[in-house]
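Understanding the architecture of this molecule
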Amino acid sequence: MSIYKRPGSKYYWTKFELNGKRIHKSTKATNPTKALQWEAALRTQMQRVLVGLERDPAKNTTLGEFRERFLDEIRSVRSDRRETHDFYERRYDELLAYDGFRCAVSEIDEQKVDAFRTWKQSQVSRFGKVYSTASVNRCLATLKRALRLAYRWRMIDRVPQLSLLNGERQKDAVLYRECEHEFLGNAPDTLRTYAVLSIDMGFRLKEFLALRKERIRFSSAPGAPLGYVEVRAFEDPLKSHYSNRDVPLTIRARRILEQISNACYTETLFPIPKSTLQHQMQRTCRKLKLEGLSLHSFRHTFGTRLGEAGASAHVVKQLMGHSSITVSQRYVHKLTESVERAMAAMEEANHRNNKVGTFPGHVASGDTAWTPAKLPDISNLQLYSEL
């Protein structure tokens, strides 16, 4: 008999092997006759699925039915990131808006993904514009994560190949030094304060809005003669635990924070909504005809200036609170004038070395270019085989 009772259990269990796969399940029945009937029904269903006469119930879940299970997994993995929850909820709903995805998760293949990509690029957002390449790619990335999760839970047999669109605009714009004075002179007070603190200290927008008076230390410390600001992710709603760091103060950052701290009577120093800064940024950029700048550009400017000053990627990672050194290397890129200075320094070093004849086999010739040294005459040299 393939059914049995476990010690201490009132239910019958079934155990058998089908197509090389061992099945071990509870029948949820206390009567042996009903347990045998349940086992027979299970065998019949699995055999019909095996020959293709019936779909596997585990692989018959639609993308809409999979939504809550997927979001529950995101909430459990990213329990401290409310913005991440909202992001995946919005992007998943955008996937469900496509009629072609009203099917089982196992039926989503490369053809359906390509059709969704084309459809999404033709849609108009609530702002009256077609969706950008970045928006389409974020939907595709959400779909890819959901399908990988379904594959891990054995709901699908394979994950289709998903390729993102090219031409996505990266947020790598910086505020050049020659434009900084004009921008700060035309920006409102709140935006000017955020711009200075982000350019000088690399604050994220969320870190700026969560800044508290007790986080500021005006006393000197090793590596921070003017004081520093404590950024703590485990107490403030910041991006992640990698954000924990102490950022040294600059002269103008200290002056601003001293003035605001003395006149602050709220829990945070800047109790303003994020949308206020976003609108001020848009108006200022339109006024000055600056393209490509965003609130994140000030933080990127901080990282870029650190790289120009010769800071290593490890120092940038520590000061900016990055999760890995790879992210820091992306921020530390060279601007045009930096490349010109580097090439000029290399050319000067090469010329100086050529003048003193430091290359093996070369001789110096005053202020003129080096010439190869005279090689010995080997025309009369006998080979070893001729001796």
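Above this text sits the structure in question.
Residues numbered from 1 in each chain as written. Predicted model: local features only at pLDDT ≥ 70, side-chain atom pairs only at ≥ 80, totals over all residues. Heavy atoms only, no water.

The next point concerns the side chain of E180. By the element assignment, E180 lies in helix α6 (residues 177-186). In this structure the side chain of E180 is engaged in a polar contact, spanning 2.6 Å, whose partner is the side chain of R252. Among all residues touching E180, those that are not within four sequence positions of it are L175, I199, R252 and R305. (Helix = DSSP H or I, 4+ residues; strand = E, 2+ residues; numbered from the N terminus. Polar contact = N/O pair within 3.5 Å; in protein donor to acceptor, adjacent residues only side chain to side chain. Contact = heavy atoms within 4.5 Å.)

Further remarks concern the packing of helix α2 (residues 67-77) against helix α3 (residues 82-96). Relative orientation of the contacting elements α2 and α3 amounts to 160°, with a least axis distance of 10 Å. When the axis of α2 is compared with that of α3, the two are roughly antiparallel. The interaxial crossing formed by α2 with α3 has right-handed handedness. Residues R67, F70, L71, I74 and R75 of α2 touch α3, and the partners they reach there are T84, H85, Y88, E89, Y92, D93 and L96. Of the residues assigned to the contact of α2 with α3, the class counts are six nonpolar, two polar and four charged. (Axes fitted to C-alpha atoms, helices over the stretch in contact; angles between N-to-C directions. Parallel < 35°, antiparallel > 145°, perpendicular 65-115°, else oblique. Left-handed = near helix turned anticlockwise from the far one by under 90°. Nonpolar A, V, L, I, M, F, W, Y, C, P; charged D, E, K, R; others polar.)

In space, the three strands of this open sheet follow the order β4-β5-β6, with antiparallel pairing throughout. Only two strands of the sheet have a single partner each, and these edge strands are β4 (216-217) and β6 (245-248). Alignment of β4 against strand β5 (residues 228-231), held across two bridges, turns out to be antiparallel. Looking across to β5, one finds that R217 is bridged to Y228. (Pairing = 2+ DSSP bridges.)

Counted under the stated rule, the structure contains 14 aromatic pairs. Judged by centre distance (5.2 Å) and plane angle (40°), the rings of Y98 and W119 are tilted. Of this pair, Y98 sits in the loop between α3 and α4 (110-122) while W119 sits in helix α4, placing them 21 residues apart in sequence. Since its relative accessible area comes to 24%, W119 is described here as partly exposed. When the ring of Y194 is compared with that of F208, the centres are 5.0 Å apart and the planes differ by 65°; the resulting orientation is edge-to-face. (Phe/Tyr/Trp six-rings, centres within 6.5 Å; stacked < 30°, edge-to-face > 60°. Buried < 20%, exposed > 50% of the residue type's maximum accessible area, 1.4 Å probe, protein only.)

What follows concerns the sheet that holds strand β3 (residues 21-26). Read across the sheet, three strands follow the order β1-β2-β3 without closing on themselves; strand pairing throughout is antiparallel. The open sheet has two edge strands with one neighbour each: β1 (3-5) and β3. Between one strand axis and the next, the sheet turns through 25° on average, direction left out of account. Where strand β2 (residues 12-18) lies against β3, six bridges are found, and the strand directions are antiparallel. Directly across from L18, in β3, lies its bridge partner K21.

Pairing between side chains of opposite charge can happen when their charged atoms approach one another. Applying the stated rule across the entire model yields 21 salt bridges. Between D200 and R252 there is a salt bridge; the shortest N-O distance is 2.7 Å. Placement of the pair is D200 in helix α7 (residues 189-201) and R252 in helix α9 (residues 251-262), with a sequence separation of 52 residues. Taking relative accessible area as the criterion, R252 reaches 26% and is therefore assigned partly exposed. The partner of D246 in a salt bridge is R232, and the shortest N-O contact between them spans 2.8 Å. Taken together, the residues D246 in strand β6 and R232 in the loop between β5 and β6 connect sequence positions 14 residues apart. On the basis of relative accessibility, which here comes to 18%, the residue R232 falls in the buried class. A single salt-bridge network, built from bridges that share partners, covers E180, D200, R252 and R305. (Salt bridge = Lys/Arg side-chain N within 4 Å of Asp/Glu carboxyl O.)

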